[in-house]
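# Commentary on secondary and tertiary structure
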Amino acid sequence: MTLLAKYYVPGLCIEDHSIEVPLDWSAPDASERLSLFYRVVCAPENESRDMPLLVFLQGGPGGPGPRPLSPDSDGWIAEAVRHFRVILPDQRGTGRSSRVQASVARRFGTPRALADYLHHFLADSIIRDFEHLRRTEFGGRRWVTLGQSYGGFLTLTYLSIFPEAVLASFTAGGIPAIDAGPDTVYEHTVRKMMMKTRRYYERYPGDAARVAAVADALADGDVRLPNGDPLTVRRLQMLGGGMGMKPAPERLHWLFDQAFADGDGSVASGVGIAGEDGASSAASASSASRRPTLTDGFLMNVLSETESYNRPLYWTLQEFIYLNGGAEGQCAPADWAADRQIARHADMAPDARPLCFIGEAALPDMFATDSSLRPFHDAEELMMHDTRWGMIYDLDRLASNEVPLQAAVYHDDMYVPSELSLASLEHIGASHAWVTNEFEHDGIHGDSVFPRLYNEALDRGDLRAVFADRYC
């Protein structure tokens, strides 16, 4: 291995490494090269021990691997380093792995050239990177996989293409609809967005009027975020991106708590802000034509919550993670599936009140108004109509899968609908589901989900090949 650095954070020994991989795995010798960065993490007491390997498949798409502060800073890591040496790759295009961002997009002479480049940053290429890493840097040792969210999608790609590489798999909130496209997915997730918004307003009833007052102010005038981007009502709705995680309702509540610059915010520039009984003050009604002044801090917080500078691939690739070209490489185009499904619901329109928040959905407006996404706009439009994609799931191979798969399925998951996950698991061999409504989509980061999955696999004997000495 090429060791870049070795150091310690509290409770963890960390090594940084990097290797080269081809951009195009179909022509590896003729392709340009990318850097693939990864970390090897273990408990300090296990530094010299021969530990089984666990590779973490990060959520996203377009998300880098975790940057742990300590074992307890990310709950699953504390449990994992007790039993494994943990591999934390930065997927191609993210983190320190040949990062894709606006400056890279501007290098391409045509939108088609950029679109073709971006086709190489999806599951089929990511898994071939990891398999190359396993074979070249870890001596071909079989390893265990843990996939969070999109990492569960990657898990099924791994089991479709290289099942012989994997001893056992764990997923958390990450079993996709393996035989359905983005339209089916967004039919479910849009309903979950509406449900999560309804629950938010039920929990904080006064916020419906506060959010409406902000939306009305945006609809009436040219409001700019600190970076100069226009703050549209659609972008305000995108604050719902985190509503499927804890404690999202509280974060939203406190964000809007300091939205207004006038007085204590109970009455913003004469606009009635309804109390918990739904009534507005008479004084505010008399000057309802005036709109509130939004605080600088609120605008900065909105920018922070909705910006894409750190993860442009998250939105750029969002709909394409659902496109399985299969053996023939052909499938129906995405064609802005989320936008089309949202348009079917009048309650999700920008002028609807109470305003409905939007979760994980890539929308045309984002690529027109978000300065970090505008360089991808024309390529994104082309990709939305592309019909040739790589194979990410082999349904026959998954049906005959023999690699033990333990899946945490979150009943109320806003991003990966549990109904679709359970339907997929019925067609995946050696799979086991733990269905729970105790956690939201980010449950893996607590101290309960991974230990539960690990102990279930251990008790069932599914880790026999990993820890043969424990089954004597």
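These notes cover the structure that comes with them.

As a further point, take the pattern of salt bridges. What the rule picks out here adds up to 26 salt bridges. The residue R112 makes a salt bridge to D116 at a minimum N-O spacing of 3.0 Å. A residue pair is termed a helical-turn pair when its members lie 3 or 4 positions apart in one helix, as R112 and D116 do in helix α3 (residues 111-118) at 4 residues. Taking the relative accessible area as the measure of exposure, R112 reaches 31% and is therefore partly exposed. Judged by its relative accessible area of 38%, D116 falls in the partly exposed class. With its nearest N and O atoms 2.8 Å apart, the salt bridge here joins R135 to E131. Of the two residues, R135 and E131 are both situated in helix α4 (residues 123-137); the distance of 4 residues between them amounts to about one turn of the helix. Classification of R135 by relative accessible area gives partly exposed; the value is 47%.

Below, the discussion takes up helix α1 (residues 75-83). Of all 9 residues making up α1, 7 are buried, and the element is well covered by its neighbours. Along α1, the residues that are buried comprise G75, W76, I77, E79, A80, V81 and H83.

Attention now goes to the sheet that holds strand β10 (residues 405-410). Taken together, 9 strands build an open sheet; the order of strands is β1-β2-β3-β5-β4-β6-β7-β10-β11 and the sheet is mixed. Single-partner strands in this sheet number two, and they are β1 (3-9) and β11 (431-436). Direction aside, neighbouring strands of the sheet carry axes that sit 20° apart on average. By the bridge criterion, 4 bridges tie strand β3 (residues 33-42) to strand β5 (residues 85-89) in an arrangement that is antiparallel. Across the sheet, V41 pairs through a bridge with V86, a residue of β5.

We now examine the environment of Y410. Note on placement: Y410 falls in strand β10. In the structure, Y410 is positioned 244 residues away from V166 in sequence and 24 Å away in space, judged by C-alpha atoms. Ignoring anything within four residues of it in the chain, the contact list for Y410 reads A172, G173, S418, T436, F439, E440, H441, G443, I444 and V449.

Attention now moves to the packing of aromatic side chains. Applying the stated criterion to the full structure yields 24 aromatic pairs. Here the aromatic rings of F84 and Y454 are separated by 6.3 Å at their centres, their planes lie at 85°, and the arrangement is edge-to-face. Linking F84 in the loop between α1 and β5 with Y454 in helix α18 (residues 449-460), this pair joins segments that are 370 residues apart in sequence. Aromatic side chains W434 and F439 sit 6.1 Å apart centroid to centroid with 70° between the ring planes, which places their arrangement in the edge-to-face category. Residues W434 and F439 agree in their burial class; the two are buried. Through a chain of ring-to-ring contacts, three or more aromatic side chains come together here, namely Y200, Y201, Y204, F256, F298 and F357. Here the basic side chain of R92 rests over the ring of F121, its NZ or CZ set 5.8 Å away from the ring centre. Seen from the ring of Y314, R311 lies directly overhead, with NZ or CZ sitting 4.3 Å from the centre.

Conventions used here
Residues numbered from 1 in each chain as written. Predicted model: local features only at pLDDT ≥ 70, side-chain atom pairs only at ≥ 80, totals over all residues. Heavy atoms only, no water. Salt bridge = Lys/Arg side-chain N within 4 Å of Asp/Glu carboxyl O. Helix = DSSP H or I, 4+ residues; strand = E, 2+ residues; numbered from the N terminus. Buried < 20%, exposed > 50% of the residue type's maximum accessible area, 1.4 Å probe, protein only. Pairing = 2+ DSSP bridges. Axes fitted to C-alpha atoms, helices over the stretch in contact; angles between N-to-C directions. Contact = heavy atoms within 4.5 Å. Phe/Tyr/Trp six-rings, centres within 6.5 Å; stacked < 30°, edge-to-face > 60°. Lys NZ or Arg CZ within 6 Å of the ring centre and 35° of its normal.

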